[in-house]
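Architecture at a glance
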Amino acid sequence: MKKKIASILLMMVAVFTLVGCGEGNKSTSDASKQAKEIKVMVPDGLPAISAAKLIKDNPKIEDGFNVKYTIEKTPDALVTSVMKGEADIAIVPSNVAAIQYNKKAGYKIAATTGWGSFYLVSTEKIKNIKDLKGKEIYNIGKGLTPDIVTRDVLSNLGLNVNKDIKFSYLNGITELAPTIISGKAKFAVVPEPALSQVLAKKPNLNVIMNLNDEWKKENNSKYGFPQATVIVKEDLIKNDNKFVEKFLDKL
């Protein structure tokens, strides 16, 4: 009888042990399920300011998603990442949104976070815009929004931008700002918030023109040119539309 009871107890222990192991494995399995990582890329400058609170607080957008923010220091690095499809969501110069569309990179335009904030500045004083003829103007983002807008505005003001002006391009604002402060760049196109930082160190710098104001006049536009555009991967919109809507609302 004792042997029979012992056998029953051993069987019960074995069953509970197996159940316990099963539950343990289930718990481990659930814990191993990782949240879906969403890569958000933002260029330094105005676009980063528009997303600053979101990046700093990094609130939970929706259960099951982990958002990782990256601030790119140079336009080229951002463009390369977008063309490779590395970003799920990105804030890009507006013309990059057009480039990725034409090259079928798989993104859709979702929003605009910033309007024109480019300023033509100089260490010299000029009386007329035609005085820029023969001058060298430093800028960033060759072929991107800063370059396109500058050339368009100056062309409409009567300058031949291919002959009258020499353009020199630097990799980013981290290179442009010290070039202006040192006096090497006598003329430059600077975006905010970098302009305020430069003026704090070089208060005698002359702000010749707000390019956005000129753009408004030329194009009869209420806001000017869209400087920063939010693009989202088409697959993310299709498969996780609820998350996208909540993210854009937070942004």
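Residues numbered from 1 in each chain as written. Predicted model: local features only at pLDDT ≥ 70, side-chain atom pairs only at ≥ 80, totals over all residues. Heavy atoms only, no water.

Moving on, we come to the sheet that holds strand 3 (residues 89-93). Read from one edge of the open sheet, five strands run 2-1-3-10-4, paired in mixed fashion. Looking along the sheet, the strands with just one partner apiece sit at the ends: strand 2 (65-72) and strand 4 (107-115). The mean inter-strand angle of the sheet, taken between neighbouring strand axes irrespective of direction, is 25°. In terms of strand pairing, strand 3 meets strand 10 (residues 226-233) through five bridges, oriented antiparallel. The partner of valine 92 across the bridge, within strand 10, is threonine 229. The sheet contacts of helix 4 (residues 75-83) involve strand 1 (36-43), strand 2, strand 3, strand 4 and strand 10, and relative to strand 3 the element is tilted by about 135°. (Pairing = 2+ DSSP bridges. Helix = DSSP H or I, 4+ residues; strand = E, 2+ residues; numbered from the N terminus. Axes fitted to C-alpha atoms, helices over the stretch in contact; angles between N-to-C directions. Contact = heavy atoms within 4.5 Å.)

Attention now moves to empty space enclosed by the protein. Counted under the stated rule, the structure contains one cavity of 30 Å³ or more. Considering only enclosed or pocket space, the largest cavity measures out at about 40 Å³ in volume. Lining the largest cavity, in full, are Val40, Val42, Ala51, Leu54, Ile55, Tyr69, Ile89, Ile91, Phe247 and Leu251. Each residue belonging to the lining of the largest cavity can be placed in one class, and the counts come to 10 nonpolar, no polar and no charged. (1 Å grid on protein atoms, 1.4 Å probe; cavity = no way out; pocket = protein on both sides within 12 Å on 5 of 7 lines; lining within 4 Å. Points joined across faces, edges and corners; volume = space filled by probe spheres on them. Nonpolar A, V, L, I, M, F, W, Y, C, P; charged D, E, K, R; others polar.)

Here we take up the confidence of the model for the protein chain. For the protein chain, the mean per-residue pLDDT works out to 86, and 87% of the residues sit at or above 70. The weakest mean pLDDT in the protein chain belongs to helix 1 (residues 2-32) at 43; the strongest belongs to helix 11 (residues 241-250) at 97. Confidence over residues 1-32 falls short of pLDDT 50; this stretch has zero contacts with residues more than four positions distant or in other chains. (pLDDT = per-residue confidence, 0-100.)

Moving on, we come to the environment of threonine 145. Relative to the assigned elements, threonine 145 resides in helix 6 (residues 145-156). With 49 residues separating them in the primary sequence, threonine 145 and valine 96 have C-alpha atoms 8.2 Å apart. In contact with threonine 145, not counting residues within four places along its chain, are Pro93, Ser94, Asn95, Phe118, Phe225 and Gln227. Within the local environment of threonine 145, its side chain forms a polar contact with the backbone nitrogen of serine 94, the two atoms lying 3.3 Å apart. (Polar contact = N/O pair within 3.5 Å; in protein donor to acceptor, adjacent residues only side chain to side chain.)

A word on the layout of surface pockets. Counted as a void, the largest pocket has a volume near 420 Å³. Lining the largest pocket are 28 residues, and of these Pro43, Asp44, Gly45, Pro47 and Ile140 sit closest to its centre. Counting residues per element, the ones that place at least two in the lining of the largest pocket are helix 2 (46-50), strand 3, helix 7 (173-181), helix 8 (194-201) and strand 10. Of the residues belonging to the lining of the largest pocket, the class tally is 17 nonpolar, seven polar and four charged.

This paragraph deals with the sheet that holds strand 5 (residues 118-122). Reading across from one edge, 7-6-8-5-9 is the order of the five strands in this open sheet, with mixed pairing throughout. Edge strands, defined here as strands with exactly one partner in the open sheet, are strand 7 (166-170) and strand 9 (206-210). Direction aside, the axes of adjacent strands within the sheet are offset by 30° on average. Here four bridges tie strand 5 to strand 9, and the two strands are oriented antiparallel to one another. Each bridged residue has a counterpart across the sheet, and for leucine 120 the counterpart in strand 9 is methionine 209. Packing of helix 7 onto the sheet brings it into contact with strand 6 (136-140), strand 7 and strand 8 (187-191), and relative to strand 8 it is tilted by some 135°. Relative to strand 9, helix 9 (residues 211-219) is tilted by about 25°, and along the sheet it contacts strand 5, strand 8 and strand 9.

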